[in-house]
Amino acid sequence: MSWDLVPGQHVNRAALHAGYGGRIHPRISPSKQSPNVFLFITPDAEAGALDGWTGEHLYFGGEGGLDGRDQKLTQGNRSVVEHEQDDRALRVFFQPYDGPVQYVGQFRLDPELPFVQVDAPFDIRRPQDVRRALVFRLLPLNGPPVGLRTAKPVARRTVLEQTAPCPAERAVLRGPVQTSAQTAARKLLQQYEHHARWELRADLSGYRIKVAGSVTELAVDLYDLTRNELVVARSTQARGAVREAIGELHDLARYFTPEPARVMVLPARPDEDLSELLHRQQVSAVWPIGPRGFGRTDPSS
């Protein structure tokens, strides 16, 4: 079956599938009638934020995982990975909210690094709830695509970039939508930043960490360069929040050499059980005392 569309051409999606096969609704639509796998980029579908042009690759988010589970190399995702061995062409379209779809061009999967896995929301209405998602790296066969959003390329090596401490919003790790707990934790961290800067005379910074082999970027909101301490804050002493903060500290600390001490800012002094947990995990606890002071316990104390 010959292919008649050219890049930039518009076509009704129902007519496309009537002529070339494939399913009319999914983002990834492999055809049984023609040697094609159709990929549809949408403005803000469940993986839409992952789609875009890096200047070398077209990044295309996989399908599935709407139930909160990680995406897998099955069904449509598998058809993308196996398109060359199945002798199928990858045909990319841009699908607006309404109206016809626009043919972007033919692509092939990059054989060197076909895809990466990233943390991504499974529901655009709840950006704080994430799962592991697939992002395919596609090479154009009809020249660079036109009119697509810009995407961040995969980092070839891990890079740490200094930023201002305690930015107004953490848009790197958790997205631009902040929960009330995150907002309260940020205010607490900013209060500790002021204490460390003016009372402890600390040299402070933030960091953006670009992780090798991924498009994921991690944010360090507060780093005490004077004492080599990595600092995070939580607005509550609820066990789940403390556990998560411990994991964040250990995850981020391994990217620094030498590894920093871990510090957690809490709204009040932790109770005996949480203090023991922090002690075992080698995490210091600090909490506000009065308008400008902070108390502190260290693992060695």
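Everything below is about the structure printed above this text.
Let us look at the structure shown here.

What counts and what doesn't
- Residues numbered from 1 in each chain as written.
- Predicted model: local features only at pLDDT ≥ 70, side-chain atom pairs only at ≥ 80, totals over all residues.
- Heavy atoms only, no water.
- Pairing = 2+ DSSP bridges.
- Helix = DSSP H or I, 4+ residues; strand = E, 2+ residues; numbered from the N terminus.
- Axes fitted to C-alpha atoms, helices over the stretch in contact; angles between N-to-C directions.
- Contact = heavy atoms within 4.5 Å.
- Buried < 20%, exposed > 50% of the residue type's maximum accessible area, 1.4 Å probe, protein only.
- Expected span 1.5 Å × (residues − 1).
- Arc of directions from axis to C-beta.
- Phe/Tyr/Trp six-rings, centres within 6.5 Å; stacked < 30°, edge-to-face > 60°.
- Lys NZ or Arg CZ within 6 Å of the ring centre and 35° of its normal.

Now for the sheet that holds strand β12 (residues 217–224). Reading across from one edge, β10-β11-β12-β13-β14-β15-β16 is the order of the seven strands in this open sheet, with mixed pairing throughout. Each edge of the open sheet carries a strand with a single partner, namely β10 (159–163) and β16 (293–297). For this sheet, the mean inter-axis angle between neighbouring strands, taken without regard to orientation, is 35°. Strand direction decides the pairing type here: strand β11 (residues 204–210) and β12, joined by six bridges, are antiparallel. Counted as the bridge partner of Arg208 is Ala219 from β12. Most of the contacts of helix α4 (residues 239–253) go to strand β14 (residues 261–265), to which it runs at about 150°, and overall it touches β11, β12, β13 (229–233), β14 and β15 (283–289).

Moving on, we come to unusual backbone geometry. Note: most residues except glycine have negative phi, and most peptide bonds are trans. Cis rather than trans, the peptide bond between Thr257 and Pro258 has omega equal to -5°. Positive phi is not limited to glycine here, since Gln75 has a value of about 50°. Checked against the element boundaries, Gln75 lands in helix α2 (residues 75–81). The phi dihedral of Arg201 is positive, around 55°, even though this residue is not glycine. With respect to the secondary-structure elements, Arg201 resides in the loop between α3 (180–198) and β11. Its relative accessible area of 61% is what places Arg201 among the exposed residues.

Attention shifts here to α4. Taking 1.5 Å as the rise per residue, α4 with 15 residues should run 21 Å; its terminal C-alpha atoms sit 21 Å apart, in good agreement. The set of residues buried in α4 consists of Ala241, Val242, Ala245, Ile246, Glu248, Leu249, Leu252 and Ala253. Along the long axis of α4, the arc covered by the buried residues comes to 160°, so they all point the same way. Next to the buried residues of α4 lie β11, β12, β13, β14, α5 (272–280) and β15.

For the rest of this paragraph, the subject is the packing of aromatic side chains. For the structure shown, the criterion picks out twelve aromatic pairs. Judged by centre distance (6.0 Å) and plane angle (65°), the rings of Phe38 and Phe93 are edge-to-face. Of the two residues, Phe38 is situated in strand β3 (residues 36–41) and Phe93 in strand β6 (residues 89–94); the sequence distance between them amounts to 55 residues. Residue Phe38 is classed as buried on the basis of its relative accessible area, which comes to 0%. By relative accessible area, Phe93 is classed as buried at 0%. Above the ring of Phe60, the side-chain terminus of Arg27 is found at 4.4 Å from the ring centroid.

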